[in-house]
Amino acid sequence: MAESSPSPKKPTMPSSSGPLTEELQCSICLDVFTDPVTTPCGHNFCKICLNKCWDDSQTCSCPYCKETFKQRPDLKINTSLREVRSTKREKAARVELFTDLIRSIERCQTELLETMEEQQKAAENQEQELIEELEQEITELKMRNTQLEQLSRTEDLIPIYSSLCSPRNSRNWPEISVDTHESLETLKTALTQLKETIGDKLYQTMDVTLDPDTAHPKLILSDDGKQVRHGDIRQKLPDKPERFDTYISVLGKEGFSSGRFYFEVQVKGKTDWDLGVARESIDRKGDIPLTPSNGYWTVVLRNGDEYKACAGPSVSLSLRVKPQRVGVFVDYEEGLVSFYDVESRSHIYSFTAQSFTGKLYPYFSPYFNDGGKNSGPLIITAVD
């Protein structure tokens, strides 16, 4: 068998995950399996690596034991082994995440302590300088007092006596204090930087734009893809498989199948709207209930003040204030979809313990125009 070419480069496991066992490594690329397959002789390889070896050779043989096969085997992915490619990688990624967080916290702590020590030294130096000035002033006052006692016995030196009794430019000691505001500001800055660091590690904000190919024909999208409103008139658009034909809805262009994501939508002035995420495989034709079982995780507003979570059956929500901007947070691995009132920083509702498959896409519906009462658009806003 001819010597195989190097297999395509794959992402390596994070160093913080520790060494992997040989049973989970491909003997061709020496990395954790990607789409593992098993040869008739019982050895495992990455599917792409094994196909590459056989494509570059005139015979089909096992790269590990060299057993030759008369016909090229029909390779099928070993799903059990792949599920073990997935658990190991996810575990390693989470270990790396929290290791980085710990390092960030330790670095911030070190920097903060160094800054506080420097400020303490500066304060101590200032205090020492003030003490020295005070001692010098006391010494001078004692000398002036001695001179005044001597002059009090002399009648001919009144001008000199008046000069000695005149006020001198002494420091107003009761007004002196050590300023701790700078220390507090330094602490606030350090904590803000730490918060931003943790925020970046825990989730990333989505730059969502609307997908016109999915928009219902009565929806009007802005040129930048950030706004959508109901237009009353049905536009003549191609009836693509991905386009909604019954629900007044549209999806975002960007989908995701792992990690944590967050985006915000302005709903100010509207009496009705739907927001959330939907599975890529949803049926977009006909009247399909917006429930998790059908691939939708949404919160809706009806009649100006009726908020519901479409959990199948719907859950009525009692909100203290009417949200003007709604934040949507998704943790794919944890099966979590949460909604927040951005301005009041309060929680609206969460779908928990969900099982996601395939890509999820942001889901929007400005709902019906209602004779102009609900004519305002949904606006995808930048996250502060």
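For the structure itself, consult the block above.
To start, this report covers the structure provided alongside it.

Conventions adopted
Residues numbered from 1 in each chain as written. Predicted model: local features only at pLDDT ≥ 70, side-chain atom pairs only at ≥ 80, totals over all residues. Heavy atoms only, no water. Pairing = 2+ DSSP bridges. Helix = DSSP H or I, 4+ residues; strand = E, 2+ residues; numbered from the N terminus. Buried < 20%, exposed > 50% of the residue type's maximum accessible area, 1.4 Å probe, protein only. Polar contact = N/O pair within 3.5 Å; in protein donor to acceptor, adjacent residues only side chain to side chain. Phe/Tyr/Trp six-rings, centres within 6.5 Å; stacked < 30°, edge-to-face > 60°. Lys NZ or Arg CZ within 6 Å of the ring centre and 35° of its normal. Patch = residues over 30% accessible without salt bridge, like charges linked within 9 Å, V, L, I, M, F, W, Y side chains within 5 Å. Areas by Shrake-Rupley, 256 points an atom, 1.4 Å probe, with all protein chains shown as cover. Salt bridge = Lys/Arg side-chain N within 4 Å of Asp/Glu carboxyl O. Lys, Arg positive; Asp, Glu negative; His and termini not counted. Charge placed at Lys NZ, Arg CZ, Asp CG, Glu CD. Core = buried A, V, L, I, M, F, W, Y, C linked by side-chain atoms within 4.5 Å. Contact = heavy atoms within 4.5 Å. Arc of directions from axis to C-beta.

Glancing now at the sheet that holds strand β13 (residues 315-317). Strand order in the open sheet formed by 6 strands is β8-β17-β10-β11-β12-β13, and the pairing between neighbours is antiparallel. Every interior strand has two partners, whereas the edge strands, β8 (250-251) and β13, have only one. Relative to strand β17 (residues 360-365), β8 runs antiparallel, the two sharing 2 bridges. By the bridge assignment, leucine 251 is partnered in β17 with tyrosine 363.

Once that is clear, we can look at the pairing of strand β14 (residues 325-331). Put simply, side chains in a regular strand alternate between the two faces of the sheet. When you tally the buried positions in β14, you get 7 out of 7 residues, the bulk of the element. Residue alternation in β14 divides its side chains into two sets, Arg325, Gly327, Phe329 and Asp331 and Val326, Val328 and Val330, and both sets are buried. As judged from the 7 bridges shared by strand β9 (residues 260-266) and β14, these two strands associate in the antiparallel manner. Considered in β14, the bridge of glutamate 264 is made with glycine 327. Connecting the antiparallel pair β14 and strand β15 (residues 336-341) is a turn made up of 4 residues, with glycine 335 showing a positive phi of about 65 degrees.

This part is about the environment of aspartate 239. Residue position: aspartate 239 is located in the loop between β7 (227-230) and β8. What makes aspartate 239 exposed here is its relative accessible area of 61%. Once the C-alpha coordinates of aspartate 239 and proline 217 are considered, the two residues, 22 residues apart in sequence, prove to be 9.0 Å apart. A polar contact is formed between the side chain of aspartate 239 and the side chain of lysine 285, at a distance of 2.8 Å.

This next bit is on the packing of aromatic side chains. Counting across every chain of the model gives 11 aromatic pairs. Measuring from ring centre to ring centre gives 5.0 Å for tyrosine 349 and phenylalanine 351, while their planes differ by 80 degrees; the resulting arrangement is edge-to-face. An aromatic cluster is defined as three or more aromatic residues linked by ring pairs; in this entry it consists of Phe244, Tyr296 and Tyr363. Sitting over the ring of tyrosine 367, arginine 302 keeps its end group 3.8 Å from the ring centre.

What follows covers a negative patch on the surface. A cluster of like negative charges, contributed by Glu111, Glu114, Glu117 and Glu118, occupies part of the molecular surface. For glutamate 114, a relative accessible area of 45% gives the class partly exposed.

The subject of this paragraph is the nonpolar core. Nonpolar side chains tend to gather and get buried jointly when the protein is soluble and globular. In terms of nonpolar packing, the biggest core is built from 36 residues, with Trp273, Val337 and Phe364 touching the most fellow members. The residues touching valine 337, leaving out its near neighbours within four places in the chain, are Val277, Trp297, Val328, Phe329, Val330, Tyr349, Ser350, Phe351 and Phe356. Listed in part, the 15 residues of the second largest apolar core include Phe33, Phe69, Leu75 and Leu81.

Inspection of the secondary structure puts glutamine 25 in the segment before β1 (36-38). Classification of glutamine 25 as partly exposed rests on a relative accessible area of 29%. Sequence separation between glutamine 25 and proline 36 is 11 residues; the distance between their C-alpha atoms is 9.5 Å.

A separate point is the side chain of aspartate 341. Structurally, aspartate 341 can be placed in strand β15. Within polar-contact distance, the side chain of aspartate 341 engages the side chain of serine 344 at 3.0 Å. Aside from chain neighbours lying at most four places away, what touches aspartate 341 is Val321, Lys322, Pro323, Arg325, Ser346 and Ile348.

Among all positions in helix α1 (residues 47-55), only Cys49, Leu50, Cys53 and Trp54 are buried. An end-on view of α1 places all buried positions within 130 degrees of arc, on one side of the element. Each element contacted by the buried residues of α1 is listed here: β1, β2 (44-46), β3 (60-61) and β4 (68-69).

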